[in-house]
Amino acid sequence: MNVTADRLTAPRRIRQLTKSPVLLVTPPSIFLLDERVFLALGILKVAAVLEQAGGHVENLDLSGVAEYLDALSAHLAATQATVVAITATTPQLPAVTKIVERIRADRPDMRVICGGPHPTLVWAACKLERKSGRVGRAHRALGKLEAMFDTMVAGDGEIAIFEALKPDAPKVIDADELGSGMFMTNADYELMPMPARHLADVESYRYTIDGHKACNLIAQLGCPMGCNFCAGRHSKMLRKIRTRSTPSIIAEIEHLYRTYGYTGFMLLDDELNVNKQIVELMNAIADLQQRLGVEFGLRGFIKSELFTEEQAVAMRRAGFRWLLCGFEAADDRVLVNIQKNATLEDNTRVMEIAAKHDLKVKALMSVGHAGETAGSIQAVADWLLQVKPADFDCTVITPYPGSPYYDEAVAHPDVPDAWTFTAKKTGDRLHAFDVDYTQVADYYKGDPDGGYHSYVFTDALSGEEIVRMRDEVEKTVRGKLGISFNHAAPAKRFEHSMGQGALPDFILRTTR
């Protein structure tokens, strides 16, 4: 048998590790305006691999469940599972902390595994600290995680889950190294089963693209860019691109159309046009629509300095009507400090190409970067008013573990609990107060009703001034361009009553 295929499909492996179900938990994301928009595909990929290996999987999806701890307790009382695996992004960690506390109280016999972006990023930050000969706040963050979980998976979880399920698994399983045997290769990615969407109630996830019933999918993994604000720049899993073939991606799109009736697709790849085969893929998507006799609507992210006329033509033909681009700043010095590898001229050119080919652009902007000044934030407003995107957002930066802003910062010489990042090329600085991510889940995408809090400040601007100027950008640009605020549609929350017996089907799904 092919070595790669054997690593993923050995049918007896799961039975050797556990005879009881494996409970997978997706925590709520209470910082989002609406949690039932995009499925968490990473944990559903792990579920698919476990199923493929013969395992019994229970998927507890707590996204948007108002009384999520009660829903958790109801299932813990009924399940025969003795192992629970939880996925966690950094903003989800406060909810995850409460989930683990409830598991320890209700089912102290359970082993608790954590995977996903947050443990991966913290572990990457710790490795960088060790390499630099210092032990600092990343190790303190790791210590809190080690106290919470029996085992953590850093990096790809699809193969590492089998190591994590072993009774004698270590505290940290490092799947974030190319030579670990658990780091997914292109060949692994090609052979992976599709996410186990049948274990989620896909109909409760509501998303449309220009009237098309839509869902999310991922065509490639990783982003090679070096943006200083971006978590994952020191994680190989999140930095190294892993691709699968165009036929593999087309097969998943056709499956989603035939199985669930989707004609809209949000491709959540970090940057679609990092893929050198993007035009080939777009042409194949266009050909699929012709074969099926349907019309698709698509959205996705692009990298500005890589965007070309040829890509625009192919994307429009494939069904793209919207592009999202992380322009971030409108001041060339700030762009250098971010390490965007794009200039303001590059960003303006994207808007011109998109307009030429009837593609709408959502401009993703951020403030609070190294060297940020009142002038550089005003430049964001001025540039948006000049290029007139169809939509935009403007966020305040929060340095997360795994980002250079966090990992390369040193203790501020004068301000307690503050850390300072210095841009290599300009010497401009960004200061950030330390945050306990097990307790704090501020709106990393922002609360339009004044809920922003800035944990960053610069030599020119306080955190309060950054927030005030961000709010002014939002108000001014939306007002002059006639773009509605993102909270126009009310968030959806799902109630759970302990008095109603079994969990609603949209919360719990299990293999049979």
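Residues numbered from 1 in each chain as written. Predicted model: local features only at pLDDT ≥ 70, side-chain atom pairs only at ≥ 80, totals over all residues. Heavy atoms only, no water.

A. Broad picture of the pattern of salt bridges. Enumeration over the complete set of coordinates arrives at 28 salt bridges. The network of salt bridges with shared partners includes Asp391, Arg470, Asp471, Glu474 and Arg478. (Salt bridge = Lys/Arg side-chain N within 4 Å of Asp/Glu carboxyl O.)

B. Helix 11 (residues 246-260), seen in detail. In this model helix 11 runs 21 Å from its N-terminal to its C-terminal C-alpha over 15 residues, within 8% of the 21 Å that 1.5 Å per residue would give. In the core, the buried residues of helix 11 are packed alongside helix 9 (186-191), strand 8 (212-217), strand 11 (264-267) and helix 12 (278-292). Following helix 11 by one or two positions, Gly261 has its phi on the positive side, about 80 degrees. (Helix = DSSP H or I, 4+ residues; strand = E, 2+ residues; numbered from the N terminus. Expected span 1.5 Å × (residues − 1). Contact = heavy atoms within 4.5 Å.)

C. Inspection of the sheet that holds strand 3 (residues 83-87) at higher detail. A sheet is described by the order of its strands in space; here 7 strands give the open sequence 6-5-4-3-1-2-20, paired in mixed fashion. The open sheet terminates on both sides in strands that have one partner only, identified here as strand 6 (172-175) and strand 20 (508-510). Taken over all neighbouring pairs, the strand axes of this sheet differ in orientation by 20 degrees on average, direction set aside. Where strand 5 (residues 151-155) meets strand 6, 4 bridges bridge the pair, whose relative direction is parallel. Bridge assignment links Val153 to a residue of strand 6, and that residue is Ile173. The strands that helix 3 (residues 41-52) touches are strand 1 (22-26), strand 2 (57-61) and strand 3; relative to strand 1, the one it contacts most, it runs at about 165 degrees. Running at roughly 170 degrees to strand 3, helix 5 (residues 93-106) makes contact with strand 3 and strand 4 (111-115) of the sheet. (Pairing = 2+ DSSP bridges. Axes fitted to C-alpha atoms, helices over the stretch in contact; angles between N-to-C directions.)

D. A look at the packing of helix 16 (residues 374-387) against helix 18 (residues 463-481). Here helix 16 crosses helix 18 at 15 degrees, and the two axes come no closer than 10 Å. Viewed along their axes, helix 16 and helix 18 adopt a mutual orientation that is roughly parallel. Between helix 16 and helix 18 the crossing geometry is right-handed. Residue-level inspection shows Ala374, Ile377, Gln378, Val380, Ala381, Leu384 and Leu385 of helix 16 in contact with helix 18, the latter providing Met469, Val473, Val477, Lys480 and Leu481. Residues belonging to the contact of helix 16 with helix 18 are distributed by class as follows: 10 nonpolar, 1 polar and 1 charged. (Parallel < 35°, antiparallel > 145°, perpendicular 65-115°, else oblique. Left-handed = near helix turned anticlockwise from the far one by under 90°. Nonpolar A, V, L, I, M, F, W, Y, C, P; charged D, E, K, R; others polar.)

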